[in-house]
Amino acid sequence: MEKRFRLWETAALVSLCLTLLLGVWAQARQTDISDRLLRLHVIAASDDEEEQALKLRVRDAVLSYLAPRLEGAADREAARAVIASDLEGIRTAAESASEGRAVSVTLGRERYPLREYEGFTLPAGEYESLRVVLGEGQGHNWWCIVFPPLCLSAAEGEKLQSVMGREDYGIVTGEEGYVLRFRIVELWGEIINCIHH
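Here we summarise the structure given alongside this text. (Residues numbered from 1 in each chain as written. Predicted model: local features only at pLDDT ≥ 70, side-chain atom pairs only at ≥ 80, totals over all residues. Heavy atoms only, no water.)

Moving on, we get to the overall build of the protein chain. Within the protein chain one finds seven helices and six strands. Overall, the protein chain shows an N-to-C arrangement of helices and strands of α-β-α-α-α-β-β-β-β-β-α-α-α. Within the protein chain, residue pairs in contact and separated by at least 24 positions form 73% of the contacts whose partners lie at least 6 positions apart. If you sum the accessible surface of the protein chain, you get close to 10,800 Å²; carbon and sulfur atoms cover 56% of it. (Helix = DSSP H or I, 4+ residues; strand = E, 2+ residues; numbered from the N terminus. Contact = heavy atoms within 4.5 Å. Areas by Shrake-Rupley, 256 points an atom, 1.4 Å probe, with all protein chains shown as cover.)

The structure is reproduced here in structure tokens:
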């Protein structure tokens, strides 16, 4: 009886160790992915149809303003530096399309849920984010990746792959051999999101 109990304890301990190792690996992959990207998050004043349309016009104004400024950015840190030094200009660009709505613009870490784009999926987790809030910010939001610049085009694999390593790119695009790895990262992100809420 004592020997069986020890086998059960050993099996439970091995399972716990494997779970923790998978969690550490998944967290490292999610962090590695998020450390290469900078996201844009635009939040409408309300869910009113007019406010939702306005949100998209503000998005377009912000992206038009940022596009020439981010052209020379070689990595996320360079893009972040450009954005951080020009938050007032970004706010002015957003206000030009906001039709008098108050606009708040911030740059910082923000928690995102799992998000599917055309051609790839980003795991849930914390990402560096340019956040543009219209009015009270009570409406549905819109988000994309501002670096590398993937907001206006379909997911351009070459741009995304140029800033990610082969393994991380394989994970987010679901390439053969990486689907299970993405599922592990996705599950870990969901667990962390549940803990934070």
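Following the structure, the description resumes.
The next thing to look at is the nonpolar core. Of all hydrophobic cores here, the largest spans 29 residues; its most connected members are Leu40, Val62, Leu66, Ile83, Leu130, Val132 and Val146. At eight residues, the largest contribution of residues to this core is made by helix 2 (residues 49-70). In contact with Leu40, other than residues within four places in its own chain, are Val62, Leu63, Tyr112, Leu130, Val132, Trp142, Trp143, Cys144 and Val146. Grouped together as the second largest cluster of nonpolar side chains are nine residues, Ile33, Tyr112, Phe120 and Tyr127 included. (Core = buried A, V, L, I, M, F, W, Y, C linked by side-chain atoms within 4.5 Å. Buried < 20%, exposed > 50% of the residue type's maximum accessible area, 1.4 Å probe, protein only.)

Okay, the sheet that holds strand 1 (residues 38-43) next. Here we have four strands laid out as an open sheet, ordered 2-5-1-6, and mixed in their pairing. Among the strands making up the open sheet, the edge pair consists of strand 2 (103-112) and strand 6 (141-147). Across this sheet, the average inter-strand angle for adjacent strands is 25°, counted without regard to direction. Pairing analysis gives 10 bridges linking strand 2 to strand 5 (residues 125-134), with the strands arranged antiparallel. Bridging across to strand 5, Ser104 finds its partner in Val133. Helix 2 contacts strand 1, strand 5 and strand 6 of the sheet and is inclined by roughly 5° relative to strand 6. On top of the sheet, helix 4 (residues 87-97) reaches strand 2 and strand 5; it is set at about 110° to strand 2, its chief contact. (Pairing = 2+ DSSP bridges. Axes fitted to C-alpha atoms, helices over the stretch in contact; angles between N-to-C directions.)

To continue, consider the pairing of strand 5. When you tally the buried positions in strand 5, you get eight out of 10 residues, the bulk of the element. In this structure, strand 1 lies alongside strand 5, joined through six bridges in parallel fashion. Each residue of the ladder has a partner; that of Leu38, found in strand 5, is Glu128.

Turning next to the layout of surface pockets. The space that makes up the largest pocket amounts to roughly 240 Å³. In this structure, the largest pocket is lined by 13 residues; those nearest its centre are Leu63, Ala67, Val146, Pro149 and Leu150. Here the lining of the largest pocket takes four residues from helix 2, the largest share from any one element. (1 Å grid on protein atoms, 1.4 Å probe; cavity = no way out; pocket = protein on both sides within 12 Å on 5 of 7 lines; lining within 4 Å. Points joined across faces, edges and corners; volume = space filled by probe spheres on them.)

Next up on the list: helix 2. What sets the pattern is the α-helix's 3.6 residues per turn: residues three or four places apart point alike. Between the first and last C-alpha of helix 2 there are 31 Å, a value that for 22 residues agrees with the 32 Å anticipated at 1.5 Å per step. Taken residue by residue, helix 2 has Glu51, Gln52, Leu54, Lys55, Val58, Arg59, Ala61, Val62, Leu63, Tyr65, Leu66 and Leu70 as its buried positions. Tucked into the core, helix 2 has its buried residues touching strand 1, helix 3 (76-84), helix 4, strand 5 and strand 6. Structurally, the start of helix 2 carries an N-cap: the backbone nitrogen of Glu50 is 3.2 Å from a side-chain oxygen of Asp48. (Expected span 1.5 Å × (residues − 1). Polar contact = N/O pair within 3.5 Å; in protein donor to acceptor, adjacent residues only side chain to side chain.)

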